[in-house]
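Residues per chain are reported as follows:
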Amino acid sequence: MSDLETLEEHASFGGTTGFYSHDSEACGGPMRFAVYQPPQAKEGPVPVVFFLSGLTCTADNFTTKAGAQRVAAELGLLLVMPDTSPRGAGYPGEDEGWDFGTGAGFYVDATEAPWSARYRMYSYVTEELPALVDAAFPTKGPAHRSVFGHSMGGHGALVLGLREPTKWRSISALSPIVAPTQVPWGHKAFGGYLGEDREAWKAYDATELVAKTQHPAPILIDQGTADGFLEEQLRPELFQAACASAGQALELRMQDGYDHSYYFIATFVEDHLRHHAAHLG
């Protein structure tokens, strides 16, 4: 792509970890993302796995902390790590809290002013960024793409996969916000981005979506039992019950003693990459 700027690249497990920037139409300004190209990408196209990060994160957090490159190199997976929101829009309140505004796009297309002009992360991660990645990197294309994420990003991955199951070969999540319409984080974000109509919120709630549309692949979720956000914000039992009622195959693994941190993510990221590799063939 002509407007893709390479910020930095590093040799990594026989492949390349790079950070890139481009002018986003969906988000109305510059957006930064990271890509890991496995060694197999030097020989030909490879399948792609998107990772969506959680609140406060940038493209750097997962890329530098999760240790995913070693496994992706073995499996021949190209990893894509987008940012979590536009930056520097200058909207009132954009930087007042860590759970709304900058670093907290919630993977929705905002409908409320002024957020609707730039906070269009759903369109960005489902349309614009995948098309850019397919054009600029050696990928196998739209039929060979999966997605997972953590916390807010876990919410995003579940929503992406359930809203458009033919676009994502498999989906998984680590400590996801599974029912944002029923928890404080979701109330704040959806109220600000989507307005007062709570029926409209359901389009971005995995627990609501799975009742109507199921994904053909089993969904994998890991959740730590020592996660400080578990009871108030995450509530995986709600999604588990909805999946059981709808007939959606789900493997929910409650991991004893693990919290919400990148120590948790790094422990189980290999399982998630192998889950996706199995479905990507």
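Residues numbered from 1 in each chain as written. Predicted model: local features only at pLDDT ≥ 70, side-chain atom pairs only at ≥ 80, totals over all residues. Heavy atoms only, no water.

Asker: Explanation requested: the overall build of the chain in the structure shown.
Answerer: When helices and strands are counted, the chain shows 10 helices and 9 strands. Relative to its length of 281 residues, the chain is compact, with a C-alpha radius of gyration of 17 Å against a globular reference of 19 Å. Summarising its shape, the C-alpha atoms of the chain cover approximately 50 × 40 × 35 Å along the three principal directions. In the chain, buried positions account for 58% of the 281 residues. Contacts spanning at least 24 positions in sequence make up 72% of the contacts within the chain whose residues lie at least 6 apart. (Helix = DSSP H or I, 4+ residues; strand = E, 2+ residues; numbered from the N terminus. Rg over C-alpha atoms; globule rule 2.2 N^0.38 Å. Buried < 20%, exposed > 50% of the residue type's maximum accessible area, 1.4 Å probe, protein only. Contact = heavy atoms within 4.5 Å.)

Asker: Can you walk me through the side chain of Asp109 in this structure?
Answerer: With respect to the helices, strands and loops of the structure, Asp109 is situated in the loop between strand S5 (78–82) and helix H3 (121–136). For the buried Asp109, no salt bridge is present, and the opposite-charge side chain at shortest range is Arg120, 4.1 Å distant. Of note is the side chain of Asp109, whose polar atom sits 2.6 Å from the side chain of Ser123. If we ignore the near neighbours within four places in the chain, the residues touching Asp109 are Tyr119, Arg120, Met121, Tyr122, Ser123, Leu194 and Tyr204. (Lys, Arg positive; Asp, Glu negative; His and termini not counted. Salt bridge = Lys/Arg side-chain N within 4 Å of Asp/Glu carboxyl O. Polar contact = N/O pair within 3.5 Å; in protein donor to acceptor, adjacent residues only side chain to side chain.)

Asker: Mind showing me how you'd approach the nonpolar core here?
Answerer: Grouped burial of nonpolar side chains is what soluble globular proteins tend to show. Grouped together as the largest cluster of nonpolar side chains are 63 residues, with contacts concentrated most on Phe33, Phe106, Tyr124, Leu158, Tyr193 and Phe239. The element best represented in this core is H3, accounting for 7 residues. Excluding residues that lie within four positions of it along the chain, Leu158 makes contacts with Ile171, Ala173, Pro176, Val178, Ala206, Ile219, Ile221 and Phe239. In terms of nonpolar packing, the next biggest core, distinct from the first, is built from 26 residues, Val49, Ala66, Ala72 and Leu79 among them. (Core = buried A, V, L, I, M, F, W, Y, C linked by side-chain atoms within 4.5 Å.)

Asker: What am I meant to see in the environment of His155 here?
Answerer: Relative to the helices and strands, His155 is located in helix H4 (residues 152–163). As a C-alpha pair, His155 and Phe106 span 49 residues in sequence and 7.9 Å in three-dimensional space. Apart from residues lying up to four places away in sequence, His155 is in contact with Phe106, Pro176, Ile177, Pro180, Phe190 and Tyr204.

Asker: Can you walk me through the confidence of the model for the chain in this structure?
Answerer: When pLDDT is low, close inspection of the predicted coordinates is not appropriate. Per-residue confidence for the chain gives a mean pLDDT of 97; residues scoring 70 or more make up 99%. Predicted confidence in the chain is weakest over helix H6 (residues 198–201), with a mean pLDDT of 97, and strongest over strand S4 (residues 48–52), with 99. (pLDDT = per-residue confidence, 0-100.)

Asker: Before we go on, may I ask you to explain helix H2 (residues 68–75) in this structure?
Answerer: Think of an α-helix as turning once every 3.6 residues; residues three or four places apart then point the same way. By the burial criterion, the buried members of H2 are Ala68, Gln69, Val71, Ala72 and Ala73. In this fold, the buried residues of H2 make contact with strand S1 (5–12), strand S2 (15–24), strand S3 (29–37), helix H1 (60–65), S5 and helix H10 (262–280). Backbone geometry just downstream of H2 places Gly76 in the positive-phi region, at approximately 75°.

Asker: I tried to follow the sheet that holds S2 on my own but got confused; where do I start?
Answerer: Across a sheet, strands are paired by hydrogen bonds formed along the backbone, either parallel or antiparallel in direction. Spatial ordering of the open sheet is given by S1-S2-S3-S5-S4-S6-S7-S8-S9, a layout of 9 strands whose pairing is mixed. Bordering the open sheet on either side are S1 and strand S9 (250–255), each of which pairs with just one other strand. Sheet twist, expressed as the average angle between the axes of neighbouring strands with direction ignored, equals 15°. For S4 and S5, the ladder comprises 3 bridges, and the chain directions are parallel. Residue pairing in the sheet places Val48 in a bridge with Leu78 of S5. Sheet strands touched by H4: S4, strand S6 (145–150), strand S7 (171–174) and strand S8 (219–224). Its angle to S6, the strand with the most contacts, is close to 150°. Sheet strands touched by H10: S4, S5, S6, S7, S8 and S9. Its angle to S7, the strand with the most contacts, is close to 175°. (Pairing = 2+ DSSP bridges. Axes fitted to C-alpha atoms, helices over the stretch in contact; angles between N-to-C directions.)

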